[in-house]
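Now for the letters of each chain:
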Amino acid sequence: LFGLAMAEAACAEVASYEDVFERTIVPELTKSMARWRLIEKRDDFDDSIVIYARALSPGGGAVVIGCDKRKALFAQFSPSEIVTVSPLATVRWRVDKAKADTHDWDVHRDLSTVQITGRLVEKMASEIAAGHHSLLIGVQNQTSRFWLQDAKETLPKVLEACGR
């Protein structure tokens, strides 16, 4: 990848190295970072497995949809910060151009994430897996966009692990 960028820079009379870097390397890094990744972790004490899919937003933020060792679905969203004294925060999410959903999610005590569990997670994961372009999630005027690359492959495995 780096060699390709250098070759393009050498062939372009006007383009600087910085221009080529911005046009070729940054988009490739962003694409690889934005993929949905499937992660499995085994508990050292009881050998139970937690499986989850994670995506990072190029603009900041992370979303996780998983199945815990009790076979319960969960979803977490981590924006840059959450400022609240309430145990709940209103979260809006939208897949592609579908109608946005709005629900109250639990705020983690360290104010770094919001989380939901149960049937709403199943609905959300199914919609994301069926989507084509992006997931938009927002809490407290902080919005992150997540590309759906590899979501079709990873999220059904999470749902299957939870018996859905």
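Refer to the preceding data block for the structure.
Residues numbered from 1 in each chain as written. Predicted model: local features only at pLDDT ≥ 70, side-chain atom pairs only at ≥ 80, totals over all residues. Heavy atoms only, no water.

## Quick look at the layout of surface pockets
- Of the voids in this model, the largest pocket is the one considered here, and its volume is about 180 Å³.
- Lining the largest pocket are 13 residues, with Arg92, Leu136, Ile137, Gly138 and Thr143 positioned closest to its centre.
- If you list the elements that add at least two residues to the lining of the largest pocket, you get strand 5 (88–95), strand 8 (134–139) and strand 9 (142–147).
- In terms of residue class, the lining of the largest pocket is built from five nonpolar, six polar and two charged. (1 Å grid on protein atoms, 1.4 Å probe; cavity = no way out; pocket = protein on both sides within 12 Å on 5 of 7 lines; lining within 4 Å. Points joined across faces, edges and corners; volume = space filled by probe spheres on them. Helix = DSSP H or I, 4+ residues; strand = E, 2+ residues; numbered from the N terminus. Nonpolar A, V, L, I, M, F, W, Y, C, P; charged D, E, K, R; others polar.)

## Some remarks on the sheet that holds strand 5
- Judged by pairing direction, the sheet is antiparallel, and its nine strands sit side by side in the order 1-2-3-4-7-6-5-8-9 without closing on themselves. Strands at the two margins of the open sheet, each flanked by one partner only, are strand 1 (37–42) and strand 9. Averaged over all adjacent pairs, the angle separating strand axes in this sheet is 30 degrees, with direction ignored.
- With five bridges connecting them, strand 5 and strand 8 associate as antiparallel partners. Across the sheet, Val95 pairs through a bridge with Leu135, a residue of strand 8.
- The strands that helix 3 (residues 119–130) touches are strand 3 (62–67), strand 4 (73–78), strand 5, strand 6 (101–107), strand 7 (114–117) and strand 8; relative to strand 5, the one it contacts most, it runs at about 25 degrees. (Pairing = 2+ DSSP bridges. Axes fitted to C-alpha atoms, helices over the stretch in contact; angles between N-to-C directions. Contact = heavy atoms within 4.5 Å.)

## Details of the state of the cysteines
- For the structure shown, the criterion picks out one disulfide.
- Disulfide pairing places Cys67 opposite Cys162 at an S-S distance of 2.0 Å. Note on the Cys67 and Cys162 pair: the S-S dihedral is about 105 degrees, so by sign convention the disulfide is right-handed. Of this pair, Cys67 sits in strand 3 while Cys162 sits in the segment after helix 4 (151–161), placing them 95 residues apart in sequence. Each member of the pair, Cys67 as well as Cys162, carries the same accessibility label: buried. (Disulfide = S-S within 2.5 Å. Buried < 20%, exposed > 50% of the residue type's maximum accessible area, 1.4 Å probe, protein only.)

## Some thoughts on the nonpolar core
- Of all hydrophobic cores here, the largest spans 35 residues; its most connected members are Trp36, Ile65, Trp105, Ile128, Leu135 and Ile137.
- Among residues more than four places away in sequence, those in contact with Trp105 are Ala75, Gln76, Phe77, Pro87, Leu88, Ala89, Val91, Trp93, Val114, Gln115, Ile116 and Met124. (Core = buried A, V, L, I, M, F, W, Y, C linked by side-chain atoms within 4.5 Å.)

## Overview of helix 3
- For helix 3, which comprises twelve residues, the first-to-last C-alpha distance of 17 Å matches the rise-based estimate of 16 Å (1.5 Å per residue) to within 8%.
- All buried positions along helix 3 are accounted for by Leu120, Val121, Met124, Ala125, Ile128 and Ala129. Down the axis of helix 3, the sector holding all buried residues measures 160 degrees, keeping them to one side. Pointing more than 90 degrees away from the buried face of helix 3 are the exposed residues Arg119 and Ala130. (Expected span 1.5 Å × (residues − 1). Arc of directions from axis to C-beta.)

## Details of the side chain of Asp68
- Within the secondary structure layout, Asp68 lies in the loop between strand 3 and strand 4.
- On the basis of relative accessible area, Asp68 is assigned to the buried category, the value being 15%.
- Side-chain polar atoms of Asp68 contact the backbone nitrogen of Arg70, separated by 2.9 Å. (Polar contact = N/O pair within 3.5 Å; in protein donor to acceptor, adjacent residues only side chain to side chain.)

## Re helix 4
- If you check which residues of helix 4 are buried, you get Ala151, Thr154, Leu155, Val158 and Leu159. All buried residues of helix 4 fall inside an arc of 135 degrees around its axis, so they share one side.
- Those residues of helix 4 that are buried are in contact with strand 1, strand 2 (49–56), strand 3, strand 4 and helix 3.
- Once helix 4 finishes, Gly163 follows within two positions and takes phi at roughly 75 degrees, a positive value.

## Side note on the packing of aromatic side chains
- Inspection of every chain in the model, using the stated rule, returns one aromatic pair.
- Here the aromatic rings of Phe77 and Phe146 are separated by 6.2 Å at their centres, their planes lie at 85 degrees, and the arrangement is edge-to-face. Of the two residues, Phe77 is situated in strand 4 and Phe146 in strand 9; the sequence distance between them amounts to 69 residues.
- Assessed through its relative accessible area of 0%, Phe77 is described here as buried.
- Phe146 gets classed as buried once you look at its relative accessible area, which sits at 0%. (Phe/Tyr/Trp six-rings, centres within 6.5 Å; stacked < 30°, edge-to-face > 60°.)

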